[in-house]
Amino acid sequence: MQERSSTIDPAEVARFERLARDWWDPKGPMKPLHKFNPVRLGYVREGACRAFARDPRAARPLEGLSILDVGCGGGVLSEPLARLGARVVGLDPAPTNIAVARTHAEAAGVAVDYRTQTVEAVVEAGERFDVVLAMEVVEHVPDVPAFVRACCAGVAPGGFLVLATINRTMRAFALAIVGAEYVLGWLPRGTHDWSRFVTPEELEDAVAAGGLTVAETPGVTYNPLADRWALSRDTAVNYMMLARRGPAEAA
Amino acid sequence: MSNPTDAAPRPEPWTVAIAGGGIAGLSLALALKSALPDAVDVILFDPALSRDPRGDRRAYAVAAAARRMFTALGVWEAVSGGEQPILDMVVTDSRLGDVVRPVFLTFEGDAGTGEPFAHMVESGALVATLLDACRAAGVRLETGSVRGYQADGPCVRVDAGDGAPIKAHLLVAADGGRSRLRGEAGIGWVGWSYPQSGIVATIGHERDHEGRAVEHFLPSGPFAILPLAPGGALGHRSSIVWTERNEVVPHMLALSPEDALAEIERRFGLQLGRLALETPLRAYPLSFGIARDFVAPRLALLGDAAHVIHPIAGQGLNLGLKDVASLAEAVVDAARLGMDPGGADVLETYQRARRFDTLAMGVVTDGLNRLFSNDATPIRLVRDLGLGLVDRLPVLKRFFIREAAGMSPSTPRLMRGEVL
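Owing to the predicted nature of the structure, the values given are computational and were not obtained by experimental measurement.

What follows is about the overall build of chain A. Per the secondary structure count, chain A includes eight helices and nine strands. Taking 2.2 N^0.38 as the reference for a compact globule, 251 residues should give roughly 18 Å; the C-alpha atoms of chain A span a radius of gyration of 18 Å, in line with that estimate. Once the C-alpha set of chain A is aligned to its principal axes, its extents read approximately 50 × 50 × 40 Å. For chain A, the proportion of its 251 residues judged to be buried stands at 45%. Long-range contacts, defined as pairs at least 24 residues apart, comprise 68% of the intrachain contacts of chain A with a sequence gap of at least 6.

So this is what it looks like as structure tokens:
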């Protein structure tokens, strides 16, 4: 976040602590994100364990790997990945989110490098990562091809990129906008703009233009009985995409 | 690697505190510490840890699914030798004076999965084995008693007597049917007492029981004979669970050993030859109860702290062990994703897995007891017909066999015998 004066405003700190509790409360305003978190964390962990030959049952299976979490919000993805041993850089354009994420990580004793930088700036500075994540971000950016290109450029040789987003189908419209925002009230109205949803084909083209190869595109579906999200073959609404950079290529 | 930063400092491991070192509490401690040796510190509190558990001769029926969990946890090998498989089971409906006790229900001995449907294990031997395994796995064993706790956002402060409170991320109340922590959490309890107590003893007998369990449904309540491993003065032993009306119990406990044995003989029958009393009679009041919630912020109820059921079908401990398998799975899965193992979502997963199942078992056992602890002729008639029907249309049988086998799709991994 922006440089502040050397004095810390206690009222500001208290506000961030309150916001952090909200962000991190599985039953709070971010409940849908928390419900989604195990499936995407599991997917990233499995992907990294496969790519870098790690044991998913180890206490710190991601030890030594570098991860860039683009659009990290309050850190609900970054912090668990750091606990699993990764060196995580979390990016978010909103200074409040970064303050919330930092407050929580400090209290939990977990080291995460949170920044208000853009992915373009990070890549331009020459930083490269074993894993780059842009989860639930693509549908909110104005220029998808440019954003995906920057994400791809951040992937080190032998590394991979994971994107998670919502397909532009009628079912996605019905579920993500009418259902989740208007009927169930899971998300604030106006969270999503259907015209910005991205189809897997469009995303695949953008990833290929970035020099990465798509390995798989699993769907993510909600089971209302178990109240749990799980991987599936149905990509009509929520889906993820994992794309690799070959080991021999120059970054 | 490509991003040269200093190695990140290691965050403190998660801490799980367990109040109560009974079979359920110890099993949970072992399951967590063996699955997450570095990621989780496990501290278990119980004043009874300072005593040698081996004196406790009470015997439990460990169902196939629970036995699989003990195998997965690596403790079954150490218990074996002292365990007795239940090879078949006979249920009779009778009055004391009946010469012939009609057999209405028989259970073949396996759970449909090629393994005995249950084993009889002595409590002391099982607790001692679990304690050794916990120690070897690195569980911190403390003889203090947990007096209270305070949930505070991301952690819980556990007050265990002298010294500063201990900071943990999850507190598990495995502190029994009258759980102090359940009360502290303000969790309601729905239940009632039965006008019955369970009198427990170990009986020696001349002839081999051949692994057969017998349950006589007497008017005062069920009288169960459960086969134990060979031993004792007469060579063979069984455990009895004798349900008796409360007003009769003090009289029975005051009897001389000879008179007590005579009373037991009237109920036990003579099919196994001469009998001997190997332990004094001990009585436990019977009740049914279930906690309105199994969780509160940073707190999970486990075993008897969450539910106490009628022992008519020997399912109390097995229900508690299912709690262990479900809670261990939820905690381990979360921690392996770097997520808070005491978070509200983990607790919700546990409660969702256990609450309905527990109520179902509670209702079935309560109904069985109400049906059988009765001497009114019409009811006897109905239930005799009923039992016959049950044997032909074996709904109840299937319920218990399925419960024992623990092979439904929602069965937690430990109960399938998988390592977490």
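Quick look at the UniProt feature "binding site: S-adenosyl-L-methionine" (unreviewed entry) in chain A now. Residue and element names in this part refer to chain A. Per the UniProt record, "binding site: S-adenosyl-L-methionine" (unreviewed entry) is found at R40, G71, D92 and M135. Mapping R40 onto the fold places it in helix α2 (residues 31–51). R40 sits in the buried class, given 23 other C-beta atoms within 10 Å. In this structure R40 touches L77, M135 and A164, once residues within four positions along its chain are discounted.

All names here are of chain B. Ordered by their spatial adjacency, three strands build an open sheet running β9-β10-β11, and the pairing between neighbours is antiparallel. Among the strands making up the open sheet, the edge pair consists of β9 (148–152) and β11 (166–168). Ignoring strand direction, the axes of neighbouring strands in this sheet form an average angle of 25°. Here three bridges tie strand β10 (residues 155–159) to β11, and the two strands are oriented antiparallel to one another. Pairing of V158 across the sheet is with I166, part of β11.

Taken together, the buried positions of helix α6 (residues 144–153) of chain A are occupied by A:F147, A:V148, A:A150, A:C151, A:C152 and A:A153. Tucked inside the fold, the buried residues of α6(A) contact β1 (66–70), α5 (119–124), β4 (129–135), β5 (155–166) and α8 (200–209) of chain A.

In this section: helix α1 (residues 10–24) of chain A. For α1(A), spanning 15 residues, the distance from its first C-alpha to its last is 21 Å, which sits close to the expected 21 Å at 1.5 Å a residue. Against the buried residues of α1(A) lie α4 (95–108) of chain A.

Note on sheets: strands pair through backbone hydrogen bonds, and any given pair is parallel or antiparallel. All names here are of chain B. Reading across the sheet, the three strands line up as β3-β7-β4 and stay open at both edges, with antiparallel pairing between neighbours. With one partner strand each, in any of the chains shown, β3 (59–63) and β4 (84–86) form the two edges of the open sheet. Averaged over all pairs of adjacent strands, the angle between their axes in this sheet comes to 35°, without regard to strand direction. Lying on the sheet, helix α2 (residues 64–72) is in contact with β3 and β7 (118–122); it crosses β3 at an angle near 90°.

Positive phi, close to 55°, is recorded for A:E136, a residue that is not glycine. As for its position among the elements, A:E136 is in the loop between β4 and α6. Its identity is not glycine, yet B:R298 carries a phi of approximately 65°, on the positive side. Among the structural elements, B:R298 can be located in the loop between β19 (295–296) and β20 (299–301). For B:R298, a count of 26 C-beta atoms within 10 Å puts it in the buried group.

Before going further, it helps to examine the nonpolar core. Across soluble globular proteins, nonpolar side chains have a tendency to be buried as a group. Among the nonpolar cores identified, the biggest contains 195 residues, and B:L28, B:L32 and B:L302 are the most heavily contacted of them. Look past the residues within four positions of B:L28 in its chain and what remains in contact with it is B:I18, B:V172, B:A174, B:L302, B:V324, B:L327 and B:A328.

On to the interface of chain A and chain B. A common way to report how large an interface is uses the accessible area buried once the components associate. Contact residues are listed per partner, giving 30 residues for chain A and 20 residues for chain B. Where the side of chain A that touches chain B is concerned, the elements lending two or more residues are α2, α3 (78–83), α4 and β4 of chain A. At five residues, the largest contribution of residues to the side of chain A that touches chain B is made by α2(A). Partitioned by chemical class, the residues of the side of chain A that touches chain B number 16 nonpolar, five polar and nine charged.

The subject of this paragraph is the pairing of β10(B). Residue and element names in this part refer to chain B. In this sheet, β10 lies alongside β9 in antiparallel orientation, the contact comprising five bridges. Opposite D152, over in β10, you have C155 as the bridge partner. Once β9 ends, the chain turns through two residues before running back antiparallel as β10, passing G153 with a positive phi of about 60°. Between β10 and the antiparallel strand that follows it, β11, lie six residues; G161 among them carries a positive phi value of about 85°.

Moving on to the pairing of strand β2 (residues 40–45) of chain B. All names here are of chain B. Among the six residues that make up β2, five are buried, leaving the element largely enclosed by the rest of the structure. Where strand β1 (residues 14–19) meets β2, six bridges bridge the pair, whose relative direction is parallel. When the sheet's bridge partners are listed, W14 is paired in β2 with V40. In the classification by handedness, the crossover that spans β1, the intervening helix α1 (residues 23–35) and the parallel β2 is right-handed. Sheet topology places β2 next to strand β8 (residues 140–142); three bridges connect them, and they run parallel. Bridging across to β8, I43 finds its partner in R140.

What follows concerns the packing of α1(B) against helix α4 (residues 123–137) of chain B. Residue and element names in this part refer to chain B. Relative orientation of the contacting elements α1 and α4 amounts to 30°, with a least axis distance of 9 Å. Our classification of the angle between α1 and α4 gives roughly parallel. The two elements α1 and α4 meet at a crossing, and its hand is left-handed. Facing I23, L26, S27, A29, L30, K33 and S34 of α1, the residues of α4 in contact are L126, V127, L130, L131, A133, C134 and A137. Its residues assigned to classes, the contact of α1 with α4 comprises eleven nonpolar, two polar and one charged.

Let us look at the environment of B:L281. Residue and element names in this part refer to chain B. One can find L281 in the loop between β17 (275–277) and β18 (282–291). For L281, a count of 20 C-beta atoms within 10 Å puts it in the buried group. Sequence separation of L281 and I199 is 82 residues, and the distance between their C-alpha atoms is 6.3 Å. The contact partners of L281, leaving out residues within four places of it in the chain, are I199, A201, M252, L253 and A260.

Here we come to the confidence of the model for chain B. Residue and element names in this part refer to chain B. In this model, chain B carries a mean pLDDT of 84, and residues with pLDDT of at least 70 account for 80%. Predicted confidence for residues 389–393 stays below pLDDT 50, and this span has six contacts to residues more than four positions away or in other chains. Interface predicted TM-score (ipTM) for the complex: 0.86; the corresponding pTM is 0.87.

In this section: the packing of α6(A) against α8(A). Residue and element names in this part refer to chain A. Between α6 and α8, the shortest axis-to-axis distance is 8 Å and the interhelical angle comes to 45°. With respect to α8, the axis of α6 lies oblique. For the element pair α6 and α8, the recorded crossing hand is right-handed. Of the residues in α8, those in contact with V144, P145, V148, R149 and C152 of α6 are L203, A206, V207 and A209.

Turning next to the environment of A:G159. Residues and elements named next belong to chain A. Looking at the element boundaries, G159 is found in strand β5. For G159 and Y222, which are 63 residues apart along the polypeptide, the C-alpha to C-alpha distance reads 29 Å. The residues touching G159, leaving out its near neighbours within four places in the chain, are F129, D130, V131 and R245.

The rules behind the values
- Residues numbered from 1 in each chain as written.
- Chains lettered and ligands numbered in written order.
- Predicted model: local features only at pLDDT ≥ 70, side-chain atom pairs only at ≥ 80, totals over all residues.
- Helix = DSSP H or I, 4+ residues; strand = E, 2+ residues; numbered from the N terminus.
- Rg over C-alpha atoms; globule rule 2.2 N^0.38 Å.
- Buried ≥ 20, exposed ≤ 12 C-beta atoms within 10 Å, placed from the backbone.
- Contact = placed C-beta atoms within 7 Å.
- UniProt positions renumbered as here; feature names shortened; annotations may be inferred.
- Pairing = 2+ DSSP bridges.
- Axes fitted to C-alpha atoms, helices over the stretch in contact; angles between N-to-C directions.
- Expected span 1.5 Å × (residues − 1).
- Core = buried A, V, L, I, M, F, W, Y, C linked by C-beta atoms within 7 Å.
- Nonpolar A, V, L, I, M, F, W, Y, C, P; charged D, E, K, R; others polar.
- Right-handed = clockwise from strand over helix to strand, strands pointing away.
- Parallel < 35°, antiparallel > 145°, perpendicular 65-115°, else oblique.
- Left-handed = near helix turned anticlockwise from the far one by under 90°.
- pLDDT = per-residue confidence, 0-100.

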